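Each chain, letter by letter, is given below.
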Amino acid sequence: MKFGLFLFFLSFCFNVNAQTIDSIALNNLRDAVLELENSELMRSGSLAVSVKKVKDASHVFALNPERSLPSASTLKLVSTATALAVFGGDFKFQTFLEHDGVIRNDTLIGNLYIHGTGDPSLGSERFKGYPSGIELINRWTAAVKKKGIRYINGKIIADASFFDSETIASTWIWGDIGNYYGAGVSGLNFSENLYKIKFKPGADFGDPTTFLGIEPAIPYLTFTNQVTTGERGSGDQTIVYSSPLGNAAVLTGTIPTGSPVFSVKGSIPNPAEYVTYAMKTSLLNAAVGIGENDVPQPGTPVASANSKIILDKYDSPPLRDLCQQTNFWSINLYADAFFKQAGKRLAGKSAFDESAKAITAYWSGKNADLRGFYIKDGSGLSPSGSITTNSLTDILNVANKDASFNDFYKSIAILGVNGTVRNLGKGSKAAGNMHVKSGSIEGTRAYAGYVTSKSGSLLSFSIIAHKYMPGSNRVITDSLVKIMTLMAEL
């Protein structure tokens, strides 16, 4: 008998005797899980499930709960829970426009700085009432002119040194890092570190496409276009190959025929370099002259002999709002920014490996069982990172005791209602009841979160299907959703 099933029978007996979980519903859940585990879909793969009562952390159901598997984006629950617990929902990232010189007549003798503190939402268009990237650049230009400055006898410096220079985890795959969802994390992020690439598809399948440029304009980036025309309705099948250490990109894959212009999104290799370029361009267009200009690499300390004077201070939306967007729409950039921010606060180091150690120690210190918890980033984008379903439900249970839990709970999308799970489980008892984070990387589907049982108990759950039959994404998703809806019947 498998160890996971042994745990199940122990928990089955306990919960039936306690008369808190419907035994028929528990049998139905067990049957559905075992049916999937023994199906051809999972013949060469692994299925792991953990369901616990939040109040006392007791097992309700478990199958292979200590098997360490890729988390996919369910890891964002750990990153957001950590950030909210460490910083609080009211926390706001700050970005400063500063100078380190003196103003004589209409000349700034010194350097102008845009100093970031890791805000992943700076210049994002997701938040109503907050400035876009263009609006921020215009705001900073206006702040310079308001001081009467018409010439800067120095440099424009985008200071990204708040975080280390490691913008992406070494374990991410090359096919991800040039695309928008693989954007690296900098001490100065901007407009979610992405740009749009525009193509004109060919008339027929297999025809070459025409590269029409990018938005915003970044003239120092170079592109080799190998994208061809796919079938009508085939969607975005492109891959952007680029490096965070260079400014060249190779565009591959296909876009569908049938539209005059088709856009895809890539990741800006060095957002600080782009901020320097955009700010310099805006100042010159506003008739503000500039002396010399060098662009520091991200993470490079920016030294100045003089104290800095703040010209503008920008506050991000509250952390609770950033976490909600992160979990609702699975934004890798935000999760990894929280990951680095937590690492810096907890251990004084923001590198991926150091942040992973600090976050693991944080939850272990709160008595979460983190055996098999081997994370590589905060987003789950790394295919070599792994967790156990037991460790994730333990963290979810511990998070429930934190003062920030209400913000955390509200940050998780509701099955059948909103976020990435808005179209799942509709018409079931789980819809509107189950708070779920979805996760998906190649060969892995995962879901985790909370559900309220029929008896009124709050349950935590985590489910991971790894290395299921290739080409069965839709079928495996339907099977996992069925299992989740049965959890709501408990």
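Read on for an overview of the structure. (Residues numbered from 1 in each chain as written. Predicted model: local features only at pLDDT ≥ 70, side-chain atom pairs only at ≥ 80, totals over all residues. Heavy atoms only, no water.)

A short note on the overall build of the protein chain
Phase 1: Within the protein chain, the regular secondary structure consists of 12 helices and 20 strands.
Phase 2: Scored against the burial criterion, the 490 residues of the protein chain give a buried share of 57%.
Phase 3: Here the contacts in the protein chain between residues at least 6 apart in sequence split such that 71% fall between residues at least 24 apart.
Phase 4: One finds the centroid of the 46 positive side-chain charges in the protein chain at a distance of 4 Å from the centroid of its 41 negative side-chain charges. (Helix = DSSP H or I, 4+ residues; strand = E, 2+ residues; numbered from the N terminus. Buried < 20%, exposed > 50% of the residue type's maximum accessible area, 1.4 Å probe, protein only. Contact = heavy atoms within 4.5 Å. Lys, Arg positive; Asp, Glu negative; His and termini not counted. Charge placed at Lys NZ, Arg CZ, Asp CG, Glu CD.)

Thoughts on the packing of helix H3 (residues 76-87) against helix H7 (residues 319-329)
Phase 1: Interhelical geometry of H3 versus H7 gives an angle of 175° and a closest axis separation of 10 Å. As the angle between them shows, H3 and H7 are arranged roughly antiparallel. Contacts between H3 and H7 involve Lys76, Leu77, Thr80, Ala83, Leu84 and Phe87 from the first element and Leu319, Arg320, Cys323, Thr326 and Asn327 from the second.
Phase 2: Grouping the amino acids of the contact of H3 with H7 by side-chain chemistry returns 6 nonpolar, 3 polar and 2 charged. (Axes fitted to C-alpha atoms, helices over the stretch in contact; angles between N-to-C directions. Parallel < 35°, antiparallel > 145°, perpendicular 65-115°, else oblique. Nonpolar A, V, L, I, M, F, W, Y, C, P; charged D, E, K, R; others polar.)

Points about the sheet that holds strand E16 (residues 289-290)
Phase 1: The strand order E4-E5-E7-E16 describes an open sheet built from 4 strands, whose pairing is mixed. The two strands at the open ends of the sheet, each matched to only one other strand, are strand E4 (102-104) and E16.
Phase 2: As paired elements, strand E5 (residues 107-109) and strand E7 (residues 151-153) share 3 bridges and run parallel to each other. Counted as the bridge partner of leucine 108 is isoleucine 152 from E7. (Pairing = 2+ DSSP bridges.)

Here's the deal with unusual backbone geometry
Phase 1: Of note, the amide linkage connecting glutamate 215 to proline 216 takes the cis form, showing an omega dihedral of 0°.
Phase 2: Checked against the element boundaries, proline 216 lands in the loop between strand E10 (210-215) and strand E11 (222-225).
Phase 3: Here asparagine 64, not a glycine, exhibits a phi torsion of approximately 50°, which is positive.
Phase 4: You can see asparagine 64 is positioned in the loop between strand E2 (59-63) and H3.
Phase 5: Among the residues examined, asparagine 64 registers a relative accessible area of 8% and is labelled buried.
Phase 6: Unlike most non-glycine residues, lysine 467 shows phi in positive territory, near 60°.

Concerning the pairing of strand E20 (residues 458-466)
Phase 1: E20 sits mainly inside the fold: 8 of its 9 residues count as buried.
Phase 2: For strand E19 (residues 444-452) and E20, the ladder comprises 9 bridges, and the chain directions are antiparallel. Residue valine 451 lies in a different strand from E20, and its bridge partner there is leucine 459.
Phase 3: Counting the residues in the hairpin turn of E19 and E20 gives 5 residues, including glycine 456, whose phi is positive at 95°.

Brief notes about the pattern of salt bridges
Phase 1: This model, assessed by the stated rule, comprises 15 salt bridges.
Phase 2: Across the salt bridge formed by lysine 198 and glutamate 215, the nearest N and O atoms sit 2.9 Å from each other. Linking lysine 198 in strand E9 (residues 194-200) with glutamate 215 in strand E10, this pair joins segments that are 17 residues apart in sequence.
Phase 3: Classification of lysine 198 as partly exposed rests on a relative accessible area of 28%.
Phase 4: Residue glutamate 215 is classed as partly exposed on the basis of its relative accessible area of 41%.
Phase 5: For lysine 313, the salt bridge identified is with aspartate 315, shortest N-O distance 3.4 Å.
Phase 6: Look at the salt bridges and you will find they share partners, linking Glu66, Asp369 and Arg371 into a network. (Salt bridge = Lys/Arg side-chain N within 4 Å of Asp/Glu carboxyl O.)

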